[in-house]
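Each chain, letter by letter, is given below.
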Amino acid sequence: MPPTLASLVHHSALKLTVRAGEDRLDVPVRWAHVSELADPVPYMEGGELLLITALKLDAEDPEAMRRYVKRLVGAGVVGLGFAVGVNYEDIPAALVEAAEQEGLPLLEVPRRTPFLAISKAVSAAIAADQYRAVTAGFAAQRELTKQALTDGPEGLLAALAAQVDGWAALYDASGAVVATAPEWAGRRAARLTADVERLRDRPAPASSVVGGPGPDNSDNEDRVELHSLGTGRRPRAALAVGTAAALGTAERYAVHSAIALLTLTTERSRSLHAAEQRIGAAVLRMLLAGEPDHARAVAGDLYGGLLDAPFRLIVAESVTVSAALAAVEPAEPAQSTAKPSAAALAAATDTNGDPLGALAEVVESAAARAGEAVLVVPEGERLVVLAADGGAAVAACGEYATALEAARAGAAVRETENGELVVGLSAPVGPIATAAAYKQAEQALSVARRRGRVCVEHEQLAAGSVLPLLADDAVRAFADGLLRALHEHDATGRGDLVDSLRAWLSRHGQWDAAAADLGVHRHTLRYRMRRVEEILGRSLDDPDVRMEMWLALKATSAE
């Protein structure tokens, strides 16, 4: 505890006497200051014990003393020490009355007690308090370190909560609560997710204070400090510390030690994560090479459980908006009508220019919260994810894609170099069919890119029509070249060969039905089909030729 007026009054060597403000002696004293100025307020910072002899004061003037004491109280002076036997044999009644009216503690300093002795007593008490705080801080650091080494972050949080006489919580990069101490703090910590997300948007290290003592005595009356964790530009985690009042020096040391230890843990986790990714890449290569037994041996306990049940392969790419617009077909409406959560929308609109990294963070955070394994492998300009079918990681990927769709629909797309995420998702498979699943994911990815979608599942490919896949510049160029001679013939007014070919193909070569559709005699239609064969140099008896003609007609009619 810092020195207080009460501790100075009880100091046997100082012999101080209380003349006013007996009920306010428990206030801390930041410093003892001597000033004989008629107005020392400009030189006060607050928390001082002011020592005077009234050398330049008319201490017997009631009005002057009321103004003097009122200004001292307004400046935050916590006490006034008056030396008797120097300029005045006793403290003037005007000053005592003014001090009583303003509630300012007034201490009588005997002549034999020099001001220097009071200043030294205050200084010694402050130094002793700081020493106790530092000692307590080092003890807390040792205890926190011990708990971190033996019980991990959970043990550290428990020790920190005990040190600050409050609660503590750890959040991951997405703002989800990872651990709390004590357990009852979980609900309180969960209500701070939005504040943690705002803290995440600031460059690390960052901190903020939420809440504070309230008059209604509600459960929101605690004061919560939020601190980002990590050494990179983007925080890797966050720490929340809730207390009933502002932290003292010893508690502050404990919090800073916890931040340092958790940051070390976070950075160590990043190194372990990189090593796990290298193992994951090796497992994926073995699965794609058709060696599931070798892959299972390498995966061990890290990814082994993932290979014991059906899983899905997710392949994601980041393409520029301009490239995406150049390749896009007329977009189909999104299949999902699920409304994305606020957290998913926030993640979708805050990728920090790294959509693949943001997707990896979303998937890994969801898997970690669900306690399931997930294999995430950066592969050049791609991200490959192997996740349990029906698990939290796949669900988080779908929700994130839905949020991206909603975010893009609600804002005008501009041609920039910022990356746009495109995702393909395979059907559920086992380890032996990993290569086929990878091909499925690639096919779904290609369709998503063409259709201007964020995510397409392989099962969706067979649910629609093949015709939208023809909306490609190369396909249209082929169709135009194949039908150009017929269009040039029709342009001379010598017959409607293109319409006749379309009608004949749509009627599966039935002459009477096709002729009726065109309003001509069947012999006229037969003549036109012979002219088509002569002009193109191809036989319509060949089913491949008929297929190419029909697809060419559909591709050109879609323009």
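Because the structure is a prediction, the values reported are computed rather than measured.

It is worth spelling out the confidence of the model for the chain at this point. Confidence in the prediction for the chain averages 83 pLDDT; 85% of positions are at 70 or higher. Note that residues 342-348 has pLDDT below 50 and, in this model, 13 contacts with residues that lie over four places away or in other chains. Residue range residues 412-418 is modelled with pLDDT below 50. Its contacts to residues more than four positions away, or to other chains, number 14 contacts.

Within this structure, the stated rule accounts for 1 cavity of 30 Å³ or more. Top contributing element to the lining of the largest cavity by residue count: helix α6 (residues 193-200), with 3 residues. Of the residues in the lining of the largest cavity, the class split is 6 nonpolar, 1 polar and 3 charged.

Taken together, the side chains of E22, D23, D26, E97 and E100 present a region of like negative charge at the surface. Tracing the sequence through the fold places E97 in helix α3 (residues 93-102).

What follows covers helix α2 (residues 62-74). For α2, spanning 13 residues, the distance from its first C-alpha to its last is 18 Å, which sits close to the expected 18 Å at 1.5 Å a residue. Along α2, the residues that are buried comprise A64, M65, Y68, V69 and L72. Along the axis of α2, the buried positions cluster into a sector of 120°, meaning they face one direction only. Along α2, the residues that are exposed and aim more than 90 degrees away from the buried face are K70 and G74. Buried residues along α2 sit against β3 (48-52), β4 (79-83) and α3. For α2, the capping residue at the N-terminal end is D61, with a side-chain oxygen 3.1 Å from the backbone nitrogen of E63.

Here 5 strands make up an open sheet; going across it, the order is β1-β5-β4-β3-β2 and the pairing mixed. Either end of the sheet is taken by a strand with one partner, and the two such strands are β1 (17-20) and β2 (31-34). Neighbour-to-neighbour, the strand axes of this sheet turn through a mean angle of 30°, independent of strand direction. As paired strands, β3 and β4 are joined by 4 bridges and run parallel to one another. Across the sheet, residue L49 finds its bridge partner in β4, namely G79. Most of the contacts of α3 go to β1, to which it runs at about 75°, and overall it touches β1, β4 and β5 (106-109).

Cut-off values and rules
Residues numbered from 1 in each chain as written. Predicted model: local features only at pLDDT ≥ 70, side-chain atom pairs only at ≥ 80, totals over all residues. Heavy atoms only, no water. pLDDT = per-residue confidence, 0-100. Contact = heavy atoms within 4.5 Å. 1 Å grid on protein atoms, 1.4 Å probe; cavity = no way out; pocket = protein on both sides within 12 Å on 5 of 7 lines; lining within 4 Å. Points joined across faces, edges and corners; volume = space filled by probe spheres on them. Helix = DSSP H or I, 4+ residues; strand = E, 2+ residues; numbered from the N terminus. Nonpolar A, V, L, I, M, F, W, Y, C, P; charged D, E, K, R; others polar. Patch = residues over 30% accessible without salt bridge, like charges linked within 9 Å, V, L, I, M, F, W, Y side chains within 5 Å. Areas by Shrake-Rupley, 256 points an atom, 1.4 Å probe, with all protein chains shown as cover. Salt bridge = Lys/Arg side-chain N within 4 Å of Asp/Glu carboxyl O. Lys, Arg positive; Asp, Glu negative; His and termini not counted. Charge placed at Lys NZ, Arg CZ, Asp CG, Glu CD. Expected span 1.5 Å × (residues − 1). Buried < 20%, exposed > 50% of the residue type's maximum accessible area, 1.4 Å probe, protein only. Arc of directions from axis to C-beta. Polar contact = N/O pair within 3.5 Å; in protein donor to acceptor, adjacent residues only side chain to side chain. Pairing = 2+ DSSP bridges. Axes fitted to C-alpha atoms, helices over the stretch in contact; angles between N-to-C directions.

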